[in-house]
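# Structure at a glance
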2 protein chains.
Amino acid sequence: MSNLMEIIKSRRSTRAFKSELPPREQIMQLIEAAEWAPPGMGKCLWHFTVIYNAEKSLALARAVAEADNCGPDYNFYGAPVNIIISYQRDEHHAFVDSASAMENLLLMATALGLGSCWINQIRECCDVPRVRALLTEYGVPEDHIVICSAAIGYIAKETPAKPRKEGRVTFVE
Amino acid sequence: MSNLMEIIKSRRSTRAFKSELPPREQIMQLIEAAEWAPPGMGKCLWHFTVIYNAEKSLALARAVAEADNCGPDYNFYGAPVNIIISYQRDEHHAFVDSASAMENLLLMATALGLGSCWINQIRECCDVPRVRALLTEYGVPEDHIVICSAAIGYIAKETPAKPRKEGRVTFVE
């Protein structure tokens, strides 16, 4: 088995993080990995907003929870870092480009021993005024929609692997 | 630099393939990598259709070219293998789930020394009758839409790296 396959299979959705910030250098490696994803038509109309501050991450979680009815305890699982991938509004490749960048980012986090969890909730409510105000404050371009984000930090509790579902492949010779 | 970063940065969109089929075992490793992507809500409503036959891949390219006005020479760059990722129609996470699976697949192809190219065109025309008829013949579920596909094979001509665009990161402390 290649090293890559081990990393791919080791990635988990961490749902309990420690409060300490990982080194800034590691966070920048996550962004570097994400930027090397294959953008459709080579356009790269994405933007990466790194919230490297537990208090600011929590403030965003609270705004999202209120806008998207996630419940009062919603806190991005206590992760001190949140990385938002946004994309210019109404662009055809926004979802696939951003998601492939996110997968690179999550794999790199796994390779570095960091926990990560793909967060979809901000996408649903990025235009709700209170959420948008925070996004703008944090640097998300105003003509962008949020496609996805990642909670990042040290793992407080390991997540067990889920078995993959069978029978989803057709092989034509 | 970790091995993973090297793989991520070595991935290219191959646009000239040799006609020989790579070993079936390698193709199944690509699928295995794809299946370990993180599906939203753990739903895994994707399907992987592997066209492991140069003639059948070309037949699909021709149908797509006609439906999507790609020109008469459109042939998936001569790749003998095409892997289609489809997803149950009208599902919220279809695009992000499929794209993260595709990124795993492309990285694994890179790690194995195979060429790959993300192909978006089938998505545009998967419901055009002539295209849909072939997709159904090849095993794409009828209630699925195609999100993306990959041309896969041995590299006939290397693609140079493109520099990444700067200034797309905001870091908030």
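Coordinates for the structure precede this section.
An account of the accompanying structure is given in this report. (Residues numbered from 1 in each chain as written. Chains lettered and ligands numbered in written order. Predicted model: local features only at pLDDT ≥ 70, side-chain atom pairs only at ≥ 80, totals over all residues. Heavy atoms only, no water.)

Here we take up the relation of the copies chain A and chain B. Of the two same-sequence chains, chain A is brought onto chain B (RMSD 0.0 Å, axial shift 0.0 Å) by a rotation of 180 degrees. Given the turn and translation reported, the copies of this chain are related as if by a two-fold rotation axis. Relative to the rotation axis, the closest C-alpha in chain A is found at Ser100(A), a distance of 2.4 Å. Of the residues that chain A buries at the interface, 100% are likewise interface residues in chain B, meaning the two copies contact each other through the same surface. (Least-squares fit on C-alpha atoms with pLDDT ≥ 70 in both. Contact = heavy atoms within 4.5 Å.)

Residues and elements named next belong to chain A. Most of strand 3 (residues 115-119) sits out of view: five of its five residues are buried. The side-chain alternation of strand 3 yields two buried faces, one formed by Gly115, Cys117 and Ile119 and the other by Ser116 and Trp118. By the bridge criterion, five bridges tie strand 3 to strand 4 (residues 144-153) in an arrangement that is antiparallel. Bridge pairing in strand 4 places tryptophan 118 opposite alanine 150. (Buried < 20%, exposed > 50% of the residue type's maximum accessible area, 1.4 Å probe, protein only. Helix = DSSP H or I, 4+ residues; strand = E, 2+ residues; numbered from the N terminus. Pairing = 2+ DSSP bridges.)

Ordered by their spatial adjacency, five strands build an open sheet running 3(A)-4(A)-2(A)-1(A)-5(B), and the pairing between neighbours is mixed. Since the sheet does not close on itself, it has two edges, and those belong to strand 3 of chain A together with strand 5 (169-172) of chain B, each with one partner. This sheet shows a mean twist of 20 degrees between the axes of neighbouring strands, independent of strand direction. Here strand 1 (residues 46-52) of chain A runs beside strand 2 (residues 81-88) of chain A; their pairing, made up of seven bridges, is antiparallel. Among the inter-strand pairings, Val50(A) is bridged to a residue of strand 2 of chain A, identified as Ile83(A). Across the sheet, helix 2 (residues 24-35) of chain A lies against strand 1, strand 2 and strand 4 of chain A together with strand 5 of chain B, angled at about 165 degrees from strand 1 of chain A, the strand it touches most. Along the sheet face, helix 6 (residues 129-138) of chain A touches strand 1, strand 2 and strand 4 of chain A together with strand 5 of chain B and points at about 75 degrees away from the line of strand 4 of chain A. (Axes fitted to C-alpha atoms, helices over the stretch in contact; angles between N-to-C directions.)

A few words on helix 4 (residues 94-111) of chain A. With 18 residues, helix 4 of chain A extends 26 Å from end C-alpha to end C-alpha; this agrees with the ideal 26 Å at 1.5 Å per step. Across the 18 residues of helix 4 of chain A, 16 count as buried, placing the element largely inside the fold. (Expected span 1.5 Å × (residues − 1).)

A few words on the sheet that holds strand 4 (residues 144-153) of chain B. Hydrogen bonds between backbone groups are what pair the strands of a sheet, and the pairing can be parallel or antiparallel. An order of 5(A)-1(B)-2(B)-4(B)-3(B) is seen for the five strands of this open sheet, with the pairing classed as mixed. The open sheet has two edge strands, strand 5 (169-172) of chain A together with strand 3 (115-119) of chain B, and neither has a second partner. Neighbour-to-neighbour, the strand axes of the sheet open up by a mean angle of 20 degrees, direction not taken into account. As judged from the eight bridges shared by strand 2 (residues 81-88) of chain B and strand 4 of chain B, these two strands associate in the antiparallel manner. Looking at strand 4 of chain B, one finds that Gln88(B) is bridged to His144(B). Of the strands in this sheet, strand 5 of chain A together with strand 1 (46-52), strand 2 and strand 4 of chain B are in contact with helix 2 (residues 24-35) of chain B, which crosses strand 1 of chain B at around 165 degrees. Contacts from helix 6 (residues 129-138) of chain B reach strand 5 of chain A together with strand 1, strand 2 and strand 4 of chain B within the one sheet, and its direction differs from that of strand 4 of chain B by about 70 degrees.

Take it as geometry only, folks, not as evidence of what the structure does.
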